[in-house]
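Here is what each chain is made of, one letter per residue.
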Amino acid sequence: MIEVGILLPTREAVMSGRPAVAPMLALGEQAESLGFSSVWVGDSLTARPRHEPLTLLAAVAARTRRVTLGTAVLLPALRHPLVLAHAVATVDRVSEGRLVLGVGIAGDTPATRKEFEAAGVPFRQRAGRCIETLDICRALWKGDSVSVKGRYWTLDGIAVGPTPHRPGGPLIWWGGGGPTALREAARGHGWFPIDPRLEVFEDGWSRVQASAREAGRSPQELTAALYTTIVLGEPAKAQAELEQFLSTYYTAPAAAMLKRQACYAGPADGCLDWMARFVERGVRHILIRFAGAADQMTQLERAARELLPPLRRLG
């Protein structure tokens, strides 16, 4: 079965001057009641200010019972591995093992460079720090005493408690389509790019699967997902809403963002046809971000009626 999740509008809420958490928790609860499989949150300190993701997911975990909870995506390089391992383990305990840690190394933009500088992290080290941080987290999540002298971090006989609910820690999915993301996705449990081009997805997923086989793992252990942004509705109006959202959110021309991100605006049947092409190439989990903050609940309920039943039949 194809699983479908939603992204909570943490960034949009801050942008609109309405950062109250209650509406987002209600959206997460409603997503679960309507049959969505997962609820996700994004991450940024200063580049795109929003709610702290792990804290918010703990609140969503307390208000739900079934849905997977995930980060899309967390930037491990901005965190100390001991602090990150502890926080993640606690959220996994709160959710009773429902956490998926979606991670990435961060794109190269002026705002992101400034964000890393503000956090005291050299931007050029972000890939190496991300990988080393996650490796240390994995070791700490086993519950054993950890001693490591890495390139960036040193621990001497340190253990973290509690350990995660899921033995060994939460599933790790990698976002992005660069060489590092593709290589590390094969070591983790999933891959969810944002690129709109089918051929790019197909090539990337083939590379991830091949790397997994080379490492002696079955590709069946990995989940191929897709991060999308959609507006359902009359085509011209929906497209205008999508473009307005993209240009405002990214402070960049909408046309440029449409070339880089998997987006759809229009009626549900067209959205299904578009998503089905990715499903045919291996996607098994679709993450939906509804463009804008004002009409999230209406979009959620419409997607539940018009997208969920046929998407399930695709699987």
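Definitions and limits used
Residues numbered from 1 in each chain as written. Predicted model: local features only at pLDDT ≥ 70, side-chain atom pairs only at ≥ 80, totals over all residues. Heavy atoms only, no water. Helix = DSSP H or I, 4+ residues; strand = E, 2+ residues; numbered from the N terminus. Buried < 20%, exposed > 50% of the residue type's maximum accessible area, 1.4 Å probe, protein only. Lys, Arg positive; Asp, Glu negative; His and termini not counted. Salt bridge = Lys/Arg side-chain N within 4 Å of Asp/Glu carboxyl O. Polar contact = N/O pair within 3.5 Å; in protein donor to acceptor, adjacent residues only side chain to side chain. Contact = heavy atoms within 4.5 Å. Axes fitted to C-alpha atoms, helices over the stretch in contact; angles between N-to-C directions. Parallel < 35°, antiparallel > 145°, perpendicular 65-115°, else oblique.

Visitor: Mind laying out the environment of Ser33, listing which residues take part and the relevant values?
Guide: Here Ser33 is to be found in helix H2 (residues 22–34). You can call Ser33 exposed: its relative accessible area is 54%. For the pair Ser33 and Glu117, spaced 84 residues apart in the sequence, the C-alpha separation amounts to 41 Å.

Visitor: An account of the side chain of Arg98 is requested, with residue identities and associated values reported.
Guide: Topologically, Arg98 is positioned in the loop between helix H4 (81–94) and strand S4 (99–103). Glu32 is the oppositely charged side chain nearest to the buried, salt-bridge-free Arg98, at an N-O distance of 4.5 Å. A distance of 3.0 Å separates a polar atom in the side chain of Arg98 from the backbone oxygen of Ala61. Not counting residues within four places of it along the chain, the set of residues in contact with Arg98 comprises Glu32, Ala61, Thr64, Arg65, Arg66, Val67, Thr68, Leu69 and Asp92.

Visitor: Got a sec to walk through the pattern of salt bridges? Specific residues and values, please.
Guide: Using the criterion set out here, one finds 14 salt bridges in the structure. Between Glu29 and Arg63 there is a salt bridge, with its nearest N and O atoms 2.8 Å apart. Highlighted residues: Glu29 in helix H2 and Arg63 in helix H3 (residues 53–63), separated in sequence by 34 residues. For Glu29, a relative accessible area of 30% puts it in the partly exposed group. The residue Arg79 makes a salt bridge to Asp43 at a minimum N-O spacing of 2.7 Å. Here Asp43 lies in the loop between strand S2 (38–41) and H3 and Arg79 lies in the loop between strand S3 (68–71) and H4, a separation of 36 residues in the sequence. For the residue pair Arg79 and Asp43, the accessibility class agrees, reading buried in each case. In the salt-bridge network here, residues are joined through shared partners; they are Asp135, Arg138, Arg183, Glu184 and Arg187.

Visitor: Outline the environment of Tyr250, listing residues and values.
Guide: By the secondary structure assignment, Tyr250 is in helix H9 (residues 235–250). C-alpha separation for the pair Tyr250 and Arg48, spaced 202 residues apart in sequence, amounts to 8.5 Å. In this structure Tyr250 touches Arg48, Met257, Gln261 and Arg289, once residues within four positions along its chain are discounted. Side chain to side chain, Tyr250 and Gln261 meet in a polar contact 2.9 Å long.

Visitor: Break down the packing of H2 against helix H12 (residues 296–306) for me, with residues and values.
Guide: The N-to-C vectors of H2 and H12 enclose an angle of 10°; their axes lie 10 Å apart at closest approach. Classified by the angle their axes make, H2 and H12 are roughly parallel. Of the residues in H12, those touching H2 at Ala26, Leu27, Gln30, Ala31 and Leu34 are Gln296, Met297, Leu300, Glu301 and Ala304.

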